[in-house]
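Report on the structure
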Amino acid sequence: MITKGAEPNSLTQHRAQAHSDYDNYAQKDDLRAALVSEQKGLCCYCTGRIRSVSTAMKIEHWQCQTNYPHQQLAYGNLLGACLGGEGKSPAEQHCDTRKANHDLKLNPADAAHAIESRLKYLADGTVVSTDEEFNIQLTQVLGLNFGYLKSSRKAVLDSVLQWWRSTPNARQKAQQQINFRNNAAEYQPFSPVAIWFLRQKL
């Protein structure tokens, strides 16, 4: 779940100008910094690492610019995404790069969508949703079960499972582990997978 913070002043000022649009917004570095900060360094979709430079992230419009031009400068519609295999074959693309102009049913920054409560992770790192439509979108629209992403999530699951098995009274310490991970200034890549696992143990 992404909690949106205050938008950059430069975006507010730009939107107030006549003929303003996303393409002529010159201070996108401000936007990247704000998005990466509120997402604690993780892609809005795959939860891999992003950094606030154009070579290490993309600015994602949850509702795409083509079909929803009125939303192109709405901060609530803007998210930080990884490069998603940009320039690679379609089979290796994921997140915003694969999504392109498709619509998604659920928004990770909309509290009403409660996206984390609708996701679970299988032992091999596959992410699935209890919502049938969104479950299809995870794979077909976002490509989140591409091999590299599955193996990355599996590594996190294996690590937290090892902690669980090797820690005395692990159940009593699970909430402390969740709080530690949630309160970090910057999240570890794919950390929502570990938090999901620990919550199952409470």
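A few points on the structure. For every chain, the first residue of the written sequence is number 1, and numbering continues from 1 along that sequence. Local features in a predicted model are, by the rule used here, given only for residues with pLDDT of at least 70; side-chain atom pairs are given and counted only at 80 or more, and totals for whole chains, interfaces and linings are based on all residues. Just so you know, side-chain values use all the structure's heavy atoms and leave hydrogens and water out.

Another point: the environment of Gln65. Mapped onto the elements of the fold, Gln65 is located in the loop between β1 (58–61) and β2 (78–81). Overall, the relative accessible area of 30% leaves Gln65 in the partly exposed class. Residues Gln65 and Thr97, 32 residues apart in the sequence, show an inter-C-alpha distance of 14 Å. With sequence-adjacent residues up to four places away left out, Gln65 is seen in contact with Tyr22, Asp23 and Gln72. Numbering of helices and strands starts at the N terminus; helices are DSSP runs of H or I of at least 4 residues and strands are runs of E of at least 2. Working definition: with a 1.4 Å probe on protein chains only, accessible area under 20% of the residue-type maximum means buried, over 50% means exposed, and in between means partly exposed. Here, residues are in contact when the closest pair of their heavy atoms is within 4.5 Å.

Moving on, we come to the pattern of salt bridges. Criterion for a salt bridge: a side-chain nitrogen of Lys or Arg within 4 Å of a carboxyl oxygen of Asp or Glu. If you walk through the whole model with that rule in mind, you get 14 salt bridges. Asp96 serves as the salt-bridge partner of Lys58, at 3.6 Å between the closest nitrogen and oxygen. In this pair, Lys58 is assigned in strand β1 and Asp96 in helix α3 (residues 95–99), connecting sequence segments 38 residues apart. Using a relative accessible area of 17% as the deciding quantity, one classes Lys58 as buried. Across the pair Asp124 and Lys150 runs a salt bridge whose closest N-O atoms are separated by 3.5 Å. Highlighted residues: Asp124 in the loop between β3 (119–121) and β4 (127–129) and Lys150 in helix α5 (residues 147–166), separated in sequence by 26 residues. The exposure class of Asp124 is partly exposed, given its relative accessible area of 36%. Of the residues examined, Lys150 reaches a relative accessible area of 23% and is grouped as partly exposed. Sharing partners across several salt bridges, the network here consists of Lys105, Arg118, Asp131 and Glu133.

The subject of this paragraph is the nonpolar core. Think of a nonpolar core as a cluster: buried Ala, Val, Leu, Ile, Met, Phe, Trp, Tyr and Cys residues, connected wherever their side-chain atoms sit within 4.5 Å. Counting residues in hydrophobic clusters, the biggest one holds 51 residues, and the most contacted among them are Leu31, Cys43, Tyr45 and Leu144. Counting only elements with at least two residues in this core, the list comes to α2 (28–38), β2, β3, α4 (132–140), α5, α6 (170–182) and α7 (191–200). Filtering out sequence-adjacent residues up to four positions away, Tyr45 remains in contact with Glu60, Trp62, Leu79, Cys95, Asp96, Lys99, Leu104, Pro108, Leu142 and Leu144.

The next subject is the side chain of Gln39. By secondary structure assignment, the location of Gln39 is in the loop between α2 and β1. N or O atoms closer than or at 3.5 Å make up a polar contact, with two conditions inside protein: a donor-capable atom paired with an acceptor-capable one, and, for residues adjacent in sequence, both atoms drawn from side chains. In this structure the side chain of Gln39 is engaged in a polar contact, spanning 2.8 Å, whose partner is the backbone nitrogen of Gly80. Once you skip the residues sitting within four places of it in the chain, Gln39 turns out to touch Ile2, Cys44, Ile50, Leu79, Gly80 and Tyr187.

This part takes up α2. Side chains of residues three or four places apart in an α-helix project in the same direction, reflecting 3.6 residues per turn. Among the residues of α2, Lys28, Leu31, Arg32, Ala34, Leu35, Val36 and Glu38 are the ones counted as buried. Tucked inside the fold, the buried residues of α2 contact α1 (9–15), β1 and β2. Immediately beyond the C-terminal end of α2, within one or two residues, lies Lys40, with a positive phi of roughly 50°.

What follows is about the packing of α5 against α7. The axes are straight lines fitted to the C-alpha atoms, using for helices just the contacting stretch, and the angles between their N-to-C directions are given from 0 to 180°. At a closest axis distance of 9 Å, the pairing of α5 and α7 adopts a crossing angle of 40°. When the axes of α5 and α7 are compared, the pair comes out oblique. For α5 against α7, the interelement crossing comes out right-handed. Across the interface between the two elements, Arg153, Val156, Leu157, Val160, Leu161, Trp163 and Trp164 of α5 pack against Val193, Ala194, Trp196, Phe197 and Leu198 of α7. Taken together, the residues of the contact of α5 with α7 sort by class into eleven nonpolar, no polar and one charged. Orientation categories follow fixed angle ranges, with anything under 35 degrees roughly parallel, anything over 145 roughly antiparallel, 65 to 115 roughly perpendicular, and all other angles oblique. Left-handed describes a crossing whose near helix is turned anticlockwise from the far helix through less than a right angle; right-handed describes the clockwise counterpart. Just so you know the grouping, Ala, Val, Leu, Ile, Met, Phe, Trp, Tyr, Cys and Pro go in nonpolar, Asp, Glu, Lys and Arg go in charged, and all remaining residues, Gly too, go in polar.

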